[in-house]
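# Understanding the architecture of this molecule
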Amino acid sequence: MWFKNIKAFQLTQPLSLDDDDLERKLNEHAFRPCGSQDMATMGFASPFSQAGKSGTMFHCVQQRYWITLKKQEKILPAAVVNAELEEMVAKIEMETGAAVGKKAKTDLKQEIQTRLLPQAFTKNSYTHGFISLPDNLVVVDASSDGKAEAFLAMVRKAIGSLPVVPFTRHSLQSELTHWVTDATPDNIDLLEEAELKSADDTGSVIRCKNQPLDSDEISLHLSAGKLVQKVAFEYAESLSAIMCEDGAVKRIKFTDRIKEETDDVPKDQVEARLDAEFALMSAEITTLLNFLRDTLKLNDNDL
C-alpha cells in the first residue's frame, strides 16, 4: 500500500477516535453495489478488500487510521444512448410527420437510460486515506480536490465531525521559488523538473524536464518574474515527488531503501504485508508533512 498522490489537511482541533465506535459508524455507511437503477454508489470498505481480503472497516497502526472509500459506477456510454435516441426520433418523425421537440427528446433519452441501466457494466474505484491523530493530519491518496473532498465528506458524515482545513491555504509560489533561486531546506534535493508561471495577467507557463534548475535558461525565466508552480524533489533519500504550489504532493515514488524494509514479509501473507507497507508508508508521509509544515511555517499562518 503505497500512496502516489496526497492531498493533506490539518485538523483544527484534536480528534478522538474509539475503535469500536468507529467500526460501527463506518459499517453504517458501508459500500453496497449499484442497484438496477443506480448510476453510482459509494461507501466504506475494508482497506484490505482491494486485495481480495475481508476485515474490519479500518486498519490502525500507531494511531494512524487507514480508511477506504469504495465507489461503483455504471458505465453507460453516451454514444450508445445517443444512437438509440436518434433511431427512436427518426422513427417517431417518420410516423407522425412532425419534428420531435427538445423536451420530448429529453424524456426519450431518460427512458433509454432507464431501460439500459440494468444491463450496463460497472466500474469500481477506491480512495484510500488515513487520519493521524498524533500529527493532527488527514491524508488522502488523491490527485484532485473533488476526490479528496468526497472522501472527507463521507468520513465526516460517518463519524459526525471532521474539523479540517487544507494543508496550506495560501499559494506556495514564493516559497518554492525561493527553493530554486536561493536555498533549499535541509533534506530537500531539487530534481530536474519544474513548472514556472508568469505572475502577470498573461499567465504564460514554462514546463521543463531533464533540465538543471540552476541553468541559465531557468534563471532567465525567474529573472523575468516567473514563479515556481511545481518542482520535483527528493526528501531524505526516502522518496521523490512533485511539490505543488497548492500544497499537494504528487507522483510520489518511495526509494528502494524504504521499500526493501518490507522484503522480509512473505508476499503470500497479504494482510501482514499490507500492514507493514501501510505502517512504513504512513510514517514516511507524516514525517514529510510535518517537515513541510515546519519548514513552510504553516502552523501559524494556516490554522
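The structure we're discussing is the one just above.
Described below are features of the structure shown in this document. Model, not experiment: these values are computed from the prediction.

### A closer look at the overall build of the protein
Helix and strand counts for the protein stand at nine helices and twelve strands. The C-alpha radius of gyration of the protein comes to 24 Å, more than 25% above the 19 Å expected for a compact globule of 303 residues. With respect to the principal axes defined by its C-alpha atoms, the protein has extents near 75 × 55 × 40 Å. Expressed as a percentage of its 303 residues, the buried residues of the protein come to 46%. Nonlocal contacts in the protein, meaning residues at least 24 apart in sequence, comprise 68% of its contacts between residues at least 6 apart. Accessible surface computed for the protein: about 15,900 Å², of which carbon and sulfur atoms make up 47%. Charge centroids of the protein, computed over 35 positive and 48 negative side chains, lie 8 Å from each other.

### Comments concerning the packing of aromatic side chains
Per the stated rule, a full pass over the model turns up seven aromatic pairs. A ring pair is formed by Phe-48 and Trp-66, whose centres lie 5.8 Å apart and whose planes are at 75°; its orientation type is edge-to-face. Within this pair, whereas Phe-48 is found in the loop between strand S2 (40-45) and strand S3 (58-61), its partner Trp-66 is found in strand S4 (residues 64-75), the two being separated by 18 residues in sequence. Trp-66 gets classed as buried once you look at its relative accessible area, which sits at 0%.

### Quick word on helix H5 (residues 173-181)
Of all the positions in H5, only Gln-173, Leu-176, Thr-177, Trp-179 and Val-180 are classed as buried. Each buried residue of H5 lies within a common arc of 150° when the element is viewed along its axis, so the set occupies one face.

### A few points about the nonpolar core
Core analysis: the biggest nonpolar cluster contains 45 residues, and Val-231, Phe-233, Met-243 and Ile-285 have the highest contact counts within it. A total of nine residues in this core trace back to one element, the largest contributor, which is helix H8 (residues 270-295). Leaving out residues up to four positions away in the same chain, Phe-233 has contacts with Ile-188, Asp-189, Leu-190, Leu-191, Leu-239, Ser-240, Ala-241, Ile-242, Met-243, Val-249 and Leu-288. Grouped together as the second largest cluster of nonpolar side chains are 26 residues, Leu-22, Met-57, Tyr-65 and Ala-142 included.

### Looking at the pairing of S4
Counted residue by residue, S4 has nine buried out of twelve residues, so it is predominantly covered. As defined by bridge partners, S2 adjoins S4 across six bridges and the pair is classed as antiparallel. Opposite Met-42, over in S4, you have Lys-71 as the bridge partner. Alignment of S3 against S4, held across four bridges, turns out to be antiparallel. Bridging from a neighbouring strand, His-59 pairs with Trp-66 of S4. Where S3 folds back on S4, the antiparallel hairpin that results is connected by two residues, among which Gln-62 adopts a positive phi of roughly 50°. With twelve bridges connecting them, S4 and strand S5 (residues 121-132) associate as antiparallel partners. Across the sheet, Arg-64 pairs through a bridge with Ser-132, a residue of S5.

Parameters at a glance
- Residues numbered from 1 in each chain as written.
- Predicted model: local features only at pLDDT ≥ 70, side-chain atom pairs only at ≥ 80, totals over all residues.
- Heavy atoms only, no water.
- Helix = DSSP H or I, 4+ residues; strand = E, 2+ residues; numbered from the N terminus.
- Rg over C-alpha atoms; globule rule 2.2 N^0.38 Å.
- Buried < 20%, exposed > 50% of the residue type's maximum accessible area, 1.4 Å probe, protein only.
- Contact = heavy atoms within 4.5 Å.
- Areas by Shrake-Rupley, 256 points an atom, 1.4 Å probe, with all protein chains shown as cover.
- Lys, Arg positive; Asp, Glu negative; His and termini not counted.
- Charge placed at Lys NZ, Arg CZ, Asp CG, Glu CD.
- Phe/Tyr/Trp six-rings, centres within 6.5 Å; stacked < 30°, edge-to-face > 60°.
- Arc of directions from axis to C-beta.
- Core = buried A, V, L, I, M, F, W, Y, C linked by side-chain atoms within 4.5 Å.
- Pairing = 2+ DSSP bridges.

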